[in-house]
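Residue-level listing of the chains:
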Amino acid sequence: AGTLGAAAAQSDRYFGAAISAARLGDEQYTTIANREFTMVTPENEMKLDATQPARGQFNFTAGDRIYNWAVQNGKRVRGHTLLWHAAQPSWLQALSGAALRQAMIDHVNGVVGHYRGKIYAWDVVNEAYADGDSGGRRDSNFQRTGDDWIEAAFRAARAADPAAKLCYNDYNIENWSWTKTQAVYAMVRDFKQRGVPIDCVGLQAHFTSGSPYNASLRTTISSFAALGVDVQITELDIQGAPPQTYAAVVNDCLAVARCTGITVWGVRDQDSWRPGDSPLLFSGADKKPAYDAVLGALNAV
Ligand code: G3I
């Protein structure tokens, strides 16, 4: 197949990109995005500050703009992200205890309810585990309402939209030997054992020379899948590595049936959250060697 999305569809997978509403007026951007990708993740437009800027005042204008563009162009949408320590409006940051726990549930109900039946998968909780080797939770206002906040979030999301896949999403959980990976694995295993609704794990896969791709990714993907969840590569970009590293990530996903799709975190290098050192698959309108490596791997199935 001649496009990333069509090539991924050969193995019943999607290939997606993070999409920015501010760039939907850029013809070069939308031409590439429409041609190549079959899944859309709003880069910022469904985050907490965008969707509930003031308490009880939801704003879905930007999120709907991306949703509508995606659906009008035959693509599905990943919702990103319901609960995160970052991108919080100040009113939410000011809350704590029971009031924050209620506001958290109200936020999930408001956003998931608005998009009920329309979202392929929600990143229900994003980046709740600490960096480094503690294996513990990240300190955040949500975490300080009690360890059970993640379970409560997933239960609320399931009730609000039974049709959406519910994912836990994080970075630096791709290398099987990392403590953080093992901590998230233990949480997912516990959730599945106790019947807490969770359907997928998102491996962000932001690789750099400091946090490089490791071949144990295949073990990580297959280990999570063996728990009974889908695995999604949700925010792939690679700095400081040869194009073949992209093919390695694709092949690790293709090797595991329940690795259901890959999303790159932007369309062109200039759209990247961290430009420079060639993190994405396009430079302007031009396909890069990394694009060819990915397409080749997808077509080799
Ligand atoms: O929209 C405002 C604009 O009005 C204002 O003038 C400008 C300057 O203050 O800020 C703009 O908002 C920025 C937003 O991106 C849209 O460009 C925020 O400041 C900026 O913090 C935000 O950065 C995003 C970041 O998440 C934080 O939300 C990046 O674009 C986005 O790529 C990045 O993506 C995250 C994932 O959501 C989670 N995983 C990690 C990944 C990379 O950090």
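Residue numbers run consecutively from 1 along every chain, following the written order of its sequence. Local features are withheld for residues below a pLDDT of 70 in this predicted model, meaning they are given only at 70 or higher, and side-chain atom pairs are given and counted only at 80 or more; totals for whole chains, interfaces and linings count all residues. Computation of side-chain values: all heavy atoms of the structure, hydrogens and water removed.

Draft legend 1. Molecular detail of the overall build of the protein chain. Within the protein chain, the secondary structure is distributed over eleven helices and eleven strands. Two things to know: the radius of gyration comes from C-alpha atoms, and the globule rule equals 2.2 Å times the number of residues to the power 0.38. Computed over the C-alpha atoms, the radius of gyration of the protein chain is 18 Å, within 12% of the 19 Å expected from 2.2 N^0.38 for a compact globule of 301 residues. Seen through its principal axes, the protein chain has C-alpha atoms that stretch 50 × 45 × 35 Å. Across the 301 residues of the protein chain, 59% fall into the buried class. Taking as baseline every contact in the protein chain between residues at least 6 positions apart, the subset at least 24 positions apart corresponds to 77%. For the protein chain, the computed accessible surface area is about 11000 Å², with 49% contributed by carbon and sulfur atoms. Within this scheme the basic residues Lys and Arg register as positive and the acidic residues Asp and Glu register as negative, but His and the chain ends are omitted. Where a charge lies is defined by one atom per residue type: Lys uses NZ, Arg uses CZ, Asp uses CG and Glu uses CD. Charge separation in the protein chain, taken as the distance between the mean sites of 28 positive and 31 negative side-chain charges, equals 5 Å. Helical segments are the DSSP runs of H or I of at least four residues, strand segments are the runs of E of at least two, and each set is numbered from the N terminus. Working definition: with a 1.4 Å probe on protein chains only, accessible area under 20% of the residue-type maximum means buried, over 50% means exposed, and in between means partly exposed. The contact criterion used is simple: two residues touch if any of their non-hydrogen atoms lie within 4.5 Å. Only the protein chains shown count as cover for residues, and the accessible areas themselves come from Shrake-Rupley with a 1.4 Å probe.

Draft legend 2. Region of interest: helix α9 (residues 217–226). Inspection of α9 places L217, T220, I221, S223, F224 and A225 among the buried residues, and these make up the whole buried set. Its buried side turned inward, α9 meets α8 (179–194), β6 (200–203), β8 (230–238), α10 (244–254) and β9 (259–264). Immediately beyond the C-terminal end of α9, within one or two residues, lies G228, with a positive phi of roughly 100 degrees.

Draft legend 3. How the structure looks around the site of the ligand. Definition of nearness: a residue and a molecule or strand are near each other if at least one heavy atom of the residue lies within 4 Å of the molecule or strand. With respect to spatial proximity, the complete set of residues near the ligand consists of E43, N44, K47, H80, W84, N126, E127, Q204, H206, E235, W265 and W273. Within the contact set of the ligand, an oxygen atom lies 2.6 Å away from a side-chain nitrogen or oxygen of E43. Between H80 and the ligand, the recorded distance is 2.7 Å, taken from a side-chain N or O atom to an oxygen atom. Here the ligand has 800 Å² of accessible area as a free molecule, and 42% of this is covered by the chains. In this count, Pro and Cys sit with the nonpolar residues alongside Ala, Val, Leu, Ile, Met, Phe, Trp and Tyr, while Asp, Glu, Lys and Arg are called charged and the others, Gly among them, polar. Residues belonging to the shell around the ligand are distributed by class as follows: three nonpolar, five polar and four charged. Throughout this description, a polar contact denotes any pair of N or O atoms lying within 3.5 Å of each other; where both atoms belong to protein, one of them has to be capable of donating a hydrogen while the other can accept it, and for residues adjacent in sequence the pair is counted only when both atoms sit in side chains.

Draft legend 4. Quick look at unusual backbone geometry. Put simply, H80 and T81 share a cis peptide bond, and its omega is -15 degrees. Looking at the secondary structure, you find T81 in strand β3 (residues 76–84). Phi is positive for A87, close to 50 degrees, though the residue is something other than glycine. For A87, the location among the structural elements is in the loop between β3 and α5 (90–93). With phi around 60 degrees, A205 is a residue other than glycine that occupies positive phi space. Position of A205 among the secondary structure elements: in the loop between β6 and β7 (206–207).

So, to be careful, I would describe these as geometric facts and stop short of saying anything about function.
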